[in-house]
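Fold and geometry: a report
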Amino acid sequence: GEYLTGLWIAGQKYFAAPLNKVQDAVTANRVGPDELPVFIDARSWLDRYFEGEDPGPIPAVKPRGSQFREGVWELLCAIPYGEVVTYGELARQMAALTGKTRMSSQAVGGAVGHNPISIIIPCHRVVGSDGSLTGYAGGLGIKEHLLALEGLDMSRFYMPTKGTAL
């Protein structure tokens, strides 16, 4: 009850994946959205975000995943509102953090795609090095909308027409 551990867009790829493993415990301990401060904070943050404001610091989150995925998600949290980074940039940052000379952009992309706290952990702010809006589990139309909401110049980006991350 202290941290937000999941937030998904309806129909999102990997919807509630971490919770599916503990569904009985989740169902037994379910609380309403106004019963915990973390839910109230998350709702307030999202309200500000969808009003087109920089919502400020990310509320208390604790996504669960492998050490690698959690490291990538931590990097996502550092992407400022209204800015984007590329998968390659994240791979370079992750390589530096882990003491490696190189890191696969595809491996980083897999971790980005499995982000269990959509919007608040801003995986939508990651784009292809060529300006492609590829790779959003919530759908590319939603990714485009979120970036436009943050005031980005969308003429810099394009929708891919082929590929596996549509």
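Residues numbered from 1 in each chain as written. Predicted model: local features only at pLDDT ≥ 70, side-chain atom pairs only at ≥ 80, totals over all residues. Heavy atoms only, no water.

1. Focus on the packing of helix H4 (residues 67-77) against helix H5 (residues 87-98)
Formally: Every axis in this analysis is a line fitted to C-alpha atoms, fitted for helices over the stretch in contact. Angles between the N-to-C directions lie between 0 and 180 degrees. Strands are runs of DSSP state E lasting at least 2 residues, helices are runs of H or I lasting at least 4, and numbering of each runs from the N terminus. These descriptions rest on fixed angle ranges, namely under 35 degrees for roughly parallel, over 145 for roughly antiparallel, 65 to 115 for roughly perpendicular, and the rest for oblique. Should the near helix be turned anticlockwise from the far one by less than a right angle, the crossing is termed left-handed; should it be turned clockwise, right-handed. Should any heavy atoms of two residues lie within 4.5 Å, those residues are counted as being in contact. For this classification, Asp, Glu, Lys and Arg are treated as charged, while Ala, Val, Leu, Ile, Met, Phe, Trp, Tyr, Cys and Pro are nonpolar and the rest, including Gly, are polar.
In the contact formed by H4 and H5, the axes pass within 10 Å of each other and the chain directions differ by 120°. As the angle between them shows, H4 and H5 are arranged oblique. With respect to the hand of their crossing, H4 and H5 are arranged in right-handed fashion. Contacts between H4 and H5 involve Phe68, Gly71, Val72, Leu75 and Leu76 on the former and, on the latter, Leu90, Gln93, Met94 and Leu97. When the residues that make up the contact of H4 with H5 are grouped by side-chain class, the tally is seven nonpolar, two polar and no charged.

2. Looking at the packing of aromatic side chains
Under the convention used in this document: Any pair of Phe, Tyr and Trp rings, taking the six-membered ring for Trp, is counted once the centres come within 6.5 Å. Such a pair is stacked with planes under 30 degrees apart, edge-to-face with planes over 60 apart, and tilted for the rest. Relative accessibility decides the category of a residue: with a 1.4 Å probe and only protein chains considered, values under 20% of the type maximum give buried, values over 50% give exposed, and everything between is partly exposed.
Applying the stated criterion across every chain yields a total of three aromatic pairs. Their ring planes at 5° and their centres at 5.6 Å tell us that Trp45 and Tyr49 sit as a pair that is stacked. In this pair, Trp45 and Tyr49 are both assigned in helix H3 (residues 37-50), four residues apart and thus about one turn of the helix distant. Look at Trp45 and you get buried, because its relative accessible area is 3%. Exposure remark for Tyr49: the relative accessible area of 0% places this residue in the buried category. One aromatic cluster is present, built from ring pairs that chain together Trp45, Tyr49, Phe50 and Tyr81.

3. Points about a negative patch on the surface
Where we set the bar: Every patch collects residues that have over 30% relative accessible area and no salt bridge, joining them within 9 Å if they carry like charges and within 5 Å if they are nonpolar side chains (Val, Leu, Ile, Met, Phe, Trp, Tyr). Residue burial considers only the protein chains on display, and all accessible areas are found by Shrake-Rupley using a 1.4 Å probe. Put simply, a salt bridge is a Lys or Arg side-chain nitrogen that is within 4 Å of an Asp or Glu carboxyl oxygen. Counting rule applied: Lys, Arg positive; Asp, Glu negative; His and chain ends not counted. The atom standing in for a charge is NZ when the residue is Lys, CZ when it is Arg, CG when it is Asp and CD when it is Glu.
Together, Asp47, Glu51, Glu53 and Asp54 make up a region of like negative charge exposed at the surface. Looking at the secondary structure, you find Glu51 in the loop between H3 and H4. For Glu51, a relative accessible area of 59% gives the class exposed.

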